[in-house]
Amino acid sequence: MTKRFLAAAAFVFLSSTVAVSATEIGATVETACPFGDCAAGISLSYLGEFVIPGHMENGVEFGGISGLDFDAATGHYIAISDDRSERGPARFYELDVDVDASGLKSVSVVKQVTLKDKNGEPFAARTVDPESIRLGKDGIYWGSEGDGKALLAPFVRVASPDGSFVREFKLPEGFAPTADKSTGIRDNLAFEDLAVAPSGDVFVGVEAALYQDGPNPSLTSGSLSRIIRYDGATGEPKAQYVYPVSPIPQAATKAEGGNDNGMSEMLALDDHRLLAVERGCAQGFGNTIKIMMMDLADATDVSAIASLAKNDQRVVPARKSQVLDLRAIGLVPDNIEAMSLGKAKDGADVLILGSDNNFSPSQKTQFYAFKVLRRPQ
């Protein structure tokens, strides 16, 4: 996203236990029993960091990496740029990530693919805001955040490997932006998160609460984000859940400085457990990146609740538990918005994180790699 900060809501979670400083290759981070559920245990081993220097790719500035997914057929990753068709056509990349037990050695661009609108043409400038990408059963699933100021609705679409339009998912009521800001997405706080479960169900999350669901996060309170569960085959919504984004974790270093927190990505581990990136930013301090595990198994379906802020029904949100805090293990993360499970060159399971540099010379396109030692059973 071409911004900076993000969204949140208070919740109690179990802390990770850090074996040693993860600035060392091979250091491990383990959460044995998230939510008190030892079957959901997860353990990661740090494999390093790699930064892609700013450069032009096929005459277009490279950057804005906001979504990432592994393609087992090629052994490469697909990564979407959040360029709003301003520096070049809306696009995604194929990346080669060279990582094995010895560490993360490089990330390189294999090719660049232009995304097409329904008319078969590249998107016109500022008509789209690509933020997420996954491989689905019938193509490439990707999301646009929309534009609250321009009243452009967010969407999830399916594209063919060459970027052509295939179909679009149905947008539930209450998500489209409104001129009076009474309902719908907030600008720059909309469809940022996309995950595909083994069953084929698709999860789409907003970064912070819809207007009708409550406020943005603050330093003392969080924000209630909605997650839509879709039938991936039909594109029809099946349910909605509440994800409680945490309060802003860090104040700006100056009283007038900006700060924020929000959910910038999701990744399905199975049909009800997901990882979520909560990304905070505070001016003068930088980014705070925490990986949460959530469990939707007992969460309330809130699709029939028009407003969470004006609701008197009992709502059970997704359970969540922190499994990784990048700063707590000695790393200095940038604007992490991409997350994928994948395979290392030696066949090991890995978790890859990537950052959106916002096309800013003061930020970077940064990747972290972790070996997955254990994950939920």
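Empty space within the largest pocket amounts to approximately 400 Å³. Counting residues per element, the ones that place at least two in the lining of the largest pocket are strand S6 (65-71), strand S10 (130-136), strand S18 (259-268) and strand S22 (336-343). If one sorts the elements of the lining of the largest pocket by residue count, S22 sits on top with four residues. For the lining of the largest pocket, the per-class residue count stands at ten nonpolar, two polar and five charged.

Enumeration according to the criterion identifies one disulfide in this entry. Covalent S-S linkage joins Cys33 and Cys38, the inter-sulfur distance amounting to 2.0 Å. Across the S-S bond linking Cys33 and Cys38, the dihedral sits near 90°, which makes this disulfide right-handed.

What follows is about the environment of Thr178. Mapped onto the secondary structure, Thr178 falls in the loop between strand S13 (165-168) and strand S14 (191-196). Leave out the neighbours within four places in its chain, and Thr178 touches Leu151 and Thr183. At 2.7 Å, the side chain of Thr178 and the backbone oxygen of Thr183 are in polar contact.

With that out of the way, let us pick up empty space enclosed by the protein. Across all of its chains, the model carries one cavity of 30 Å³ or more by this definition. In this structure, the largest cavity encloses a volume near 30 Å³. If you go around the largest cavity, the residues you meet are Ile42, Leu269, Leu275, Leu341, Leu351, Val372 and Arg375. A per-class count over the lining of the largest cavity returns six nonpolar, no polar and one charged.

On to the pattern of salt bridges, then. If you walk through the whole model with that rule in mind, you get 27 salt bridges. The salt bridge partner of Lys105 is Asp100, with a shortest N-O separation of 2.6 Å. Lys105 gets classed as partly exposed once you look at its relative accessible area, which sits at 40%. Residue classification places Asp100 among the partly exposed residues on the basis of a relative accessible area of 21%. Between Lys320 and Glu278 there is a salt bridge, with the nearest N and O atoms lying 2.5 Å from each other.

With that settled, consider the environment of Glu61. Looking at the secondary structure, you find Glu61 in strand S5 (residues 60-61). Residue Glu61 is classed as partly exposed on the basis of its relative accessible area of 27%. It is 26 Å that separates the C-alpha atoms of Glu61 and Gln283, two residues lying 222 residues apart in sequence. Those residues within four positions of Glu61 in sequence are excluded, and the remaining contacts are His55, Met56, Arg87, Arg91, Tyr93 and Phe359. A polar contact of 3.3 Å, which involves the side chain of Glu61, links it to the side chain of Arg87.

Looking at chain direction, strand S12 (residues 155-159) and S13 are connected through three bridges and run antiparallel. By the bridge assignment for S13, Ala159 is matched with Phe165. The antiparallel pairing of S12 with S13 creates a hairpin that spans five residues between the two strands, and Gly163 there sits at a positive phi of about 90°.

Once that is clear, we can look at the sheet that holds strand S17 (residues 236-245). Spatial strand order, S14-S15-S16-S17: four strands in an open sheet with antiparallel pairing. Looking at strand neighbours, the two that pair on one side only are S14 and S17, the edges of this open sheet. Direction aside, neighbouring strands of the sheet carry axes that sit 20° apart on average. In terms of strand pairing, strand S16 (residues 223-231) meets S17 through nine bridges, oriented antiparallel. The residue bridging Asp231 from the neighbouring strand is Glu236, located in S17.

It is worth spelling out the nonpolar core at this point. Counting residues in hydrophobic clusters, the biggest one holds 25 residues, and the most contacted among them are Leu275, Ile291, Leu324, Leu326, Leu351, Leu353 and Phe370. When residues of this core are traced back to their parent elements, those giving at least two are strand S3 (42-52), strand S19 (273-282), strand S20 (286-295), strand S21 (319-325), S22, strand S23 (349-355) and strand S24 (365-374). Setting aside residues up to four positions removed in sequence, Leu275 forms contacts with Ile42, Glu265, Met266, Leu267, Leu269, Ile291, Met292, Met293, Val323, Met339 and Leu351. Counting 21 residues, the second largest nonpolar core, distinct from the first, contains Val97, Val99, Ala344 and Ala348.

Attention now goes to the sheet that holds S13. Spatially, four strands are ordered S10-S11-S12-S13 in an open sheet, and the strand pairing comes out antiparallel. Lying at the two open borders of the sheet, with one neighbouring strand each, are S10 and S13. Between one strand and the next, the sheet's axes are offset by a mean angle of 25°, whatever the strand orientation.

When pLDDT is averaged along the protein, the result is 94, and 94% of the positions lie at 70 or above. Within the model, the stretch residues 1-21 combines pLDDT values under 50 with 110 contacts to residues more than four positions away or in other chains.

Remark: the centre distance and the inter-plane angle together describe each pair of aromatic rings, the angle taken between the planes. Considering all chains together, one arrives at nine aromatic pairs under this definition. Geometrically, the ring pair formed by Phe70 and Tyr77 is tilted, given 5.0 Å between the ring centres and 55° between the ring planes. Among the residues examined, Phe70 registers a relative accessible area of 16% and is labelled buried. Of the aromatic side chains, those joined through ring pairs into one cluster are Tyr46, Tyr368 and Phe370.

Cut-off values and rules
Residues numbered from 1 in each chain as written. Predicted model: local features only at pLDDT ≥ 70, side-chain atom pairs only at ≥ 80, totals over all residues. Heavy atoms only, no water. 1 Å grid on protein atoms, 1.4 Å probe; cavity = no way out; pocket = protein on both sides within 12 Å on 5 of 7 lines; lining within 4 Å. Points joined across faces, edges and corners; volume = space filled by probe spheres on them. Helix = DSSP H or I, 4+ residues; strand = E, 2+ residues; numbered from the N terminus. Nonpolar A, V, L, I, M, F, W, Y, C, P; charged D, E, K, R; others polar. Disulfide = S-S within 2.5 Å. Contact = heavy atoms within 4.5 Å. Polar contact = N/O pair within 3.5 Å; in protein donor to acceptor, adjacent residues only side chain to side chain. Salt bridge = Lys/Arg side-chain N within 4 Å of Asp/Glu carboxyl O. Buried < 20%, exposed > 50% of the residue type's maximum accessible area, 1.4 Å probe, protein only. Pairing = 2+ DSSP bridges. Axes fitted to C-alpha atoms, helices over the stretch in contact; angles between N-to-C directions. Core = buried A, V, L, I, M, F, W, Y, C linked by side-chain atoms within 4.5 Å. pLDDT = per-residue confidence, 0-100. Phe/Tyr/Trp six-rings, centres within 6.5 Å; stacked < 30°, edge-to-face > 60°.

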